[in-house]
Amino acid sequence: MAAGAVNSGGRLDRLPISAFHYRVLGLVGAGMFLDAFEIYLAGGVLAALVKSGWSDLAHNGWFISITFAGMMVGAWFAGVFGDRYGRRFSYQLNLLIFGLASLAGAVAPSIEWLIAARFVMGIGLGAEIVVGYVTVSEFVPPRQRGRWGSALSAITNSALFFSAFGGLLIIPTFGWRWMFVITGIGALVIWYLRRALPESPRWLESKGHTDE
């Protein structure tokens, strides 16, 4: 190996599991938990909107469809941005997008504005899924990636229960807007905490940033 060259992949693969790995899993998992929470809250929110007369079945169909359209766009650009600007840049950007869009949805003056905000939320939601699994896999040794990927999936899918139970408690008492407020604020908190996570050494090496 030439002087000054690095082999970050080999070094990362030999490192024992430590508190750092759990920290990465916790912060990435928290973002993906909120991602799934945001997706699953649609059922309770849309039911409340129809009951209140704020929406109808046609608008609800648009709300659901536009969510997945945004996720498709977000998933595509997450890979492009992640490869070009770094994993850290990509996962921070998508979290900021769906956090701010959630807060915008919470103050939407009409169902049309909520649908527009939901499309932007979808962009961040789709991106988070892609970058989350990639980030964890790049830090964890190959022999344990299956286990850690399963842990990340378990964290993410647990949001279904919490979203449904949260909707049961929050929507009848405080209204549907608070579901978006909770998600938006939570996403911004995680965005702030994630700032301390390092860029993927594998990505840095692939771009020739050996000093970093």
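That block above? That's the structure.
Residues numbered from 1 in each chain as written. Predicted model: local features only at pLDDT ≥ 70, side-chain atom pairs only at ≥ 80, totals over all residues. Heavy atoms only, no water.

## What about the pattern of salt bridges?
Here the structure, examined in full by the defined rule, presents two salt bridges. A salt bridge links Glu38 to Arg118, with the shortest nitrogen-to-oxygen separation between them at 3.3 Å. Within this pair, whereas Glu38 is found in helix H2 (residues 19-40), its partner Arg118 is found in helix H6 (residues 111-139), the two being separated by 80 residues in sequence. In this structure, Glu38 and Arg118 share a single accessibility class: buried. Where Glu128 meets Arg194, a salt bridge forms, and the shortest distance between an N and an O atom there is 2.6 Å. Of the two residues, Glu128 is situated in helix H6 and Arg194 in helix H9 (residues 177-194); the sequence distance between them amounts to 66 residues. By relative accessible area, Glu128 is classed as buried at 0%. In this structure Arg194 comes out as buried when scored by relative accessible area, which is 0%. (Salt bridge = Lys/Arg side-chain N within 4 Å of Asp/Glu carboxyl O. Helix = DSSP H or I, 4+ residues; strand = E, 2+ residues; numbered from the N terminus. Buried < 20%, exposed > 50% of the residue type's maximum accessible area, 1.4 Å probe, protein only.)

## Structural notes on the packing of aromatic side chains
For the coordinates displayed, the defined rule picks out 12 aromatic pairs. Ring geometry for Tyr22 and Trp148: centres 5.0 Å apart, planes at 50°, overall tilted. Residue Tyr22 is found in helix H2, and its partner Trp148 is found in helix H7 (residues 145-157); the two are separated by 126 residues along the sequence. For Tyr22, a relative accessible area of 53% puts it in the exposed group. On the accessibility criterion, Trp148 (5% relative accessible area) is buried. (Phe/Tyr/Trp six-rings, centres within 6.5 Å; stacked < 30°, edge-to-face > 60°.)

## What about the packing of helix H5 (residues 87-106) against H6?
For any two helices packed against each other, the geometry comes down to the angle between their axes and how far apart the axes lie. Taken N-terminus to C-terminus, the directions of H5 and H6 make an angle of 150°; their axes are 8 Å apart at the nearest point. One way to sum up the angle between H5 and H6 is to call them roughly antiparallel. Once H5 is placed against H6, the crossing between them reads as left-handed. Seen from H5, the contacting residues are Arg87, Ser90, Tyr91, Asn94, Leu95, Ile97, Phe98, Ala101, Ser102, Ala104 and Gly105; seen from H6, they are Leu114, Ala117, Val120, Met121, Gly124, Leu125, Ala127, Glu128, Val131, Val134, Thr135 and Glu138. The residue inventory of the contact of H5 with H6, partitioned by class, reads 14 nonpolar, six polar and three charged. (Axes fitted to C-alpha atoms, helices over the stretch in contact; angles between N-to-C directions. Parallel < 35°, antiparallel > 145°, perpendicular 65-115°, else oblique. Left-handed = near helix turned anticlockwise from the far one by under 90°. Contact = heavy atoms within 4.5 Å. Nonpolar A, V, L, I, M, F, W, Y, C, P; charged D, E, K, R; others polar.)

## Focus on helix H3 (residues 42-52)
Buried residues of H3: Ala42, Val45, Leu46, Ala48 and Leu49, and no others. Take H3 and look down its axis: the buried residues cluster within an arc of 160°, on one side only. Structurally, H3 contributes buried residues whose contacts are with H2, helix H4 (57-85), H6, helix H8 (159-174) and H9. In the stretch just after H3, Gly53 is the one whose phi turns positive, near 85°. (Arc of directions from axis to C-beta.)

Take it as geometry only, folks, not as evidence of what the structure does.
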